[in-house]
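Spelled out from the first residue to the last, the chains are:
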Amino acid sequence: MYGKQSFSTAQLASHFFQIFIRLKNSGVRPMAPLGSRILTNPDDIYKHNMWDHVQWTEEDKENARQKAEENSRTRLPLPEQGKFDTNAHQYWDKFYEVHQDKFFKDRRWLFSEFPELLPSCAKERSTGARCGDHQEAAEEQNEAVTQATSFPGQHSSFRILEVGCGVGNSVFPIINTIKNTDSFIYCCDFSPCAIQLVKDHSDYDGAMCHAFVHDICEEAASFPFPPQSLDVILAVFVFSSIHPQRIHGVVNRLSAYLKPGGVFLFRDYGRYDFSQLRFKKGRCLAENFYTRGSGTCVYFFTKDEVHDLFTKAGLEKVQNLEDRRLQVNRAKKVAMHRVWMQSKYRRPQSLS
């Protein structure tokens, strides 16, 4: 298996030495918005658990393509596939019943990668700048929305929605960061168990957070806030769990809730990530879409697909990156190529 591609130390050193020489000769040093731990000396590979901005060789790409082609050649029969879509909420609910809040770690990296989660006042306080003018502008922008209807968080000047929030691994780092600002966060998941775990958490505060059960694939399902009322929508490892034929509709519907100038923040699995290549035959549902043993599903995106997803919803690109890293098991001397997508798309200030 690709995941067991436990290169010998000599093979790894040779592999990364070739990359190092190529980069050195080209004079190119990768930009590092997603991390700055760059492997420049192949002898250092086992000094850290993760290396940033790893360049793939043509051989790497071809090996990954062949592995994905091989493990997707045998697909689950069509009559068996439907349950993974129609019963997705049940599979995830069972997952959270079993694992509770012990499976995923809190995402404390959120604000370094997505500073847009901070209201302008919070960002300016961190630099010692004044925020009065920005707060006044935000209040004026909210006035039409708050007068039109009554909803949780309506008097806050900065509103965040996290979709697919799970047990709150993003929610609580956000709450603890924005608690002294005029901000409000909504969070939803289609697992009732996950939402109950969020509400039972000691840091949950109904005065600044509203957690609710919601299936974002359900077209008729309503949100507890009006359109054009959100400053930020956050989706972290969420859309990959949705059948690829349904994702466009989800993004289109969600984007309607962004204010003009509001931003959609996205992070998810990228094509040929280690976790894709380790799937065994018979777990593939559709091209680059698989089901795990738990019944939960995962899709692996490309940059072009992500761009198409958001621009067709009327949003403009701010950032669309492929985050390639090398994850190292130093004890077993195993190197794993990780690929994640990280993107930011903004709703235009003026809508045509």
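Residues numbered from 1 in each chain as written. Predicted model: local features only at pLDDT ≥ 70, side-chain atom pairs only at ≥ 80, totals over all residues. Heavy atoms only, no water.

The predicted model of the chain averages 83 in pLDDT, with 80% of residues at 70 or higher. Low pLDDT, under 50, characterises residues 16–32; the predicted model gives this stretch 20 contacts beyond four residues in sequence or across chains. Scored below 50 in pLDDT, residues 121–135 shows 13 contacts in the model against residues more than four places distant or in partner chains. (pLDDT = per-residue confidence, 0-100. Contact = heavy atoms within 4.5 Å.)

What follows covers the sheet that holds strand 5 (residues 230–236). If you trace the 8 strands from one edge of the open sheet to the other, you get 1-10-11-6-5-2-3-4, paired in mixed fashion. Two strands bound the open sheet, and with one partner strand each, they are strand 1 (50–52) and strand 4 (209–213). Going across the sheet, the axis of each strand differs from the next one's by a mean of 15°, ignoring polarity. Across the sheet, helix 12 (residues 303–311) is in contact with strand 6 (258–269), strand 10 (316–329) and strand 11 (334–346); its angle to strand 11 comes to roughly 20°. (Pairing = 2+ DSSP bridges. Helix = DSSP H or I, 4+ residues; strand = E, 2+ residues; numbered from the N terminus. Axes fitted to C-alpha atoms, helices over the stretch in contact; angles between N-to-C directions.)

Before going further, it helps to spend a moment on the sheet that holds strand 9 (residues 297–299). Taken in spatial order, the 3 strands of this open sheet run 7-8-9, and their pairing is antiparallel. Single-partner strands in this sheet number two, and they are strand 7 (284–286) and strand 9. Direction aside, the axes of adjacent strands within the sheet are offset by 30° on average. Across 3 bridges, strand 8 (residues 289–291) lies against strand 9 in antiparallel orientation. Bridging from a neighbouring strand, T291 pairs with C297 of strand 9.

Among the 6 residues of strand 2 (residues 158–163), 6 are classified as buried, and the element is accordingly described as predominantly covered. Alternating residues of strand 2 divide into F158, I160 and E162 and R159, L161 and V163, and every residue in both groups is buried. Of the pairings in the sheet, the one linking strand 2 to strand 3 (residues 183–189) comprises 6 bridges and is parallel in character. Counterpart to F158 in the pairing with strand 3 is S183. For the crossover that starts at strand 2, traverses helix 8 (residues 171–178) and ends in the parallel strand 3, the hand is right-handed. Examined bridge by bridge, strand 2 and strand 5 share 3 bridges and lie parallel to one another. (Buried < 20%, exposed > 50% of the residue type's maximum accessible area, 1.4 Å probe, protein only. Right-handed = clockwise from strand over helix to strand, strands pointing away.)

Aromatic rings in a pair are described by how distant their centres are and how their planes are angled relative to each other. Under the criterion given, the structure shown has 19 aromatic pairs. One aromatic cluster in this structure is built from F239, F264, F266, F289, Y299, F301, F310 and Y345. Here the basic side chain of R267 rests over the ring of W109, its NZ or CZ set 5.5 Å away from the ring centre. Note that R324 overlies the ring of W56, its terminal NZ or CZ placed 4.3 Å from the centroid. (Phe/Tyr/Trp six-rings, centres within 6.5 Å; stacked < 30°, edge-to-face > 60°. Lys NZ or Arg CZ within 6 Å of the ring centre and 35° of its normal.)

A separate point is the nonpolar core. Judged by nonpolar contacts, the single largest core of 40 residues is most densely connected at L161, F239, F264 and F310. Here this core gets 4 residues from one element, more than from any other, and that element is helix 10 (residues 244–255). With sequence-adjacent residues up to four places away left out, F239 is seen in contact with V163, I216, I247, V250, V251, L254, F264, F266, D268, F301, L309 and F310. Membership of the second largest hydrophobic core comes to 25 residues, among which are I175, I185, V232 and L265. (Core = buried A, V, L, I, M, F, W, Y, C linked by side-chain atoms within 4.5 Å.)

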